[in-house]
Amino acid sequence: MGVMIEVLFSALWLMLPAYVANPMAVVFGGGRPIDLGRNFLDGRRLLGDGKTYRGLLGGLLCGVFIGFVQMNTLLSYYLGAHTLSVVCTLSIGALMGDLFESFIKRRLGLQRGAELPLADQLDFVAGAFLLTYLLEPLWFTANFTPVKLLIVLVTTPILHRITNIIGYRMKLKKEPW
Ligand code: CTP
Ligand code: MG
């Protein structure tokens, strides 16, 4: 039992920079859209008004900040030690995964804010995993064991749902997903 809880907390701990970067993009978002209002070849928006520079920067700074704090606490000794590089790949990867999903949603003809189940919840996880695996493969395989990967994939949609309902009630988000 104790071991299982430790593995669960370790998985969430390792992912924390991504878990912070993603919602902080919502908190800080607004203003100039990243695609500057431009369309893709299909005549639809490249990313849409829901992906902004402010969101990107706010998410990145918060994700890196929390990761930096984690690196300097004793908990990192028990739950997993990030490196500065990994803190960056987790944060940037999360934000890139979210951007990529919006790019795909626009290509599917979905308006900004339209729901795309599972992709909405796991886009940033996929981005964080992929970028970290590509740039820090040794750290990734040593820390994200198969069990922890599975824990992240299963718990994230639940955590995401709860966070977004809170964000919706706080009027930070227009939709509760
Ligand atoms: N946001 C932002 N910049 C980002 C990510 C998010 O400004 N890089 C803000 C936007 O205000 C956005 C809100 O956070 O509307 C919610 O994010 P998300 O659900 O990812 O975007 P949607 O508006 O649902 O747009 P999409 O359909 O493209 O997912
Ligand atoms: Mg959305």
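Values in this document were obtained by computation on a predicted structure and should not be read as measured data.

A.B. asks: Kindly report on the packing of aromatic side chains, identifying the contributing residues and their values.
C.D. replies: The description of two aromatic rings rests on the distance between their centres and on the angle between their planes. Under the definition given, this model contains 8 aromatic pairs. Ring centres 5.2 Å apart and planes at 65° place the aromatic pair Phe129 and Phe144 in the edge-to-face group. Remark: Phe144 occurs in the loop between α6 (137-143) and α7 (146-169) and Phe129 occurs in helix α5 (residues 119-135); sequence separation between them is 15 residues. Note on Phe129: relative accessible area 11%, which makes it buried. Assessed through its relative accessible area of 3%, Phe144 is described here as buried. Taking 5.9 Å as the distance between ring centres and 80° as the angle between the ring planes, the aromatic pair formed by Trp139 and Phe144 counts as edge-to-face. Note on Trp139: relative accessible area 10%, which makes it buried. A network of ring pairs unites the aromatic residues Phe129, Tyr133, Trp139, Phe140 and Phe144 as a single cluster. The ring of Phe103 is capped by Arg107, whose NZ or CZ atom sits 4.8 Å from the centre of that ring.

A.B. asks: For the pattern of salt bridges, give the residues involved together with the corresponding values.
C.D. replies: What the rule picks out here adds up to 6 salt bridges. Of the charged contacts in the structure, one is a salt bridge between Asp35 and Arg45, with a shortest N-O distance of 2.8 Å. Placement of the pair is Asp35 in the loop between α1 (2-28) and α2 (53-71) and Arg45 in the loop between α1 and α2, with a sequence separation of 10 residues. One salt bridge connects Glu115 with Arg161, and the closest N-O pair in it is separated by 3.7 Å. Here Glu115, found in the loop between α4 (84-107) and α5, pairs with Arg161, found in helix α7; they are 46 residues apart in sequence, far enough to count as distant. By relative accessible area, Arg161 is classed as partly exposed at 36%. Salt bridges linked by common partners bring Asp35, Arg45 and Asp49 together as one network.

Each value, and the rule that gives it
Residues numbered from 1 in each chain as written. Chains lettered and ligands numbered in written order. Predicted model: local features only at pLDDT ≥ 70, side-chain atom pairs only at ≥ 80, totals over all residues. Heavy atoms only, no water. Phe/Tyr/Trp six-rings, centres within 6.5 Å; stacked < 30°, edge-to-face > 60°. Helix = DSSP H or I, 4+ residues; strand = E, 2+ residues; numbered from the N terminus. Buried < 20%, exposed > 50% of the residue type's maximum accessible area, 1.4 Å probe, protein only. Lys NZ or Arg CZ within 6 Å of the ring centre and 35° of its normal. Salt bridge = Lys/Arg side-chain N within 4 Å of Asp/Glu carboxyl O.

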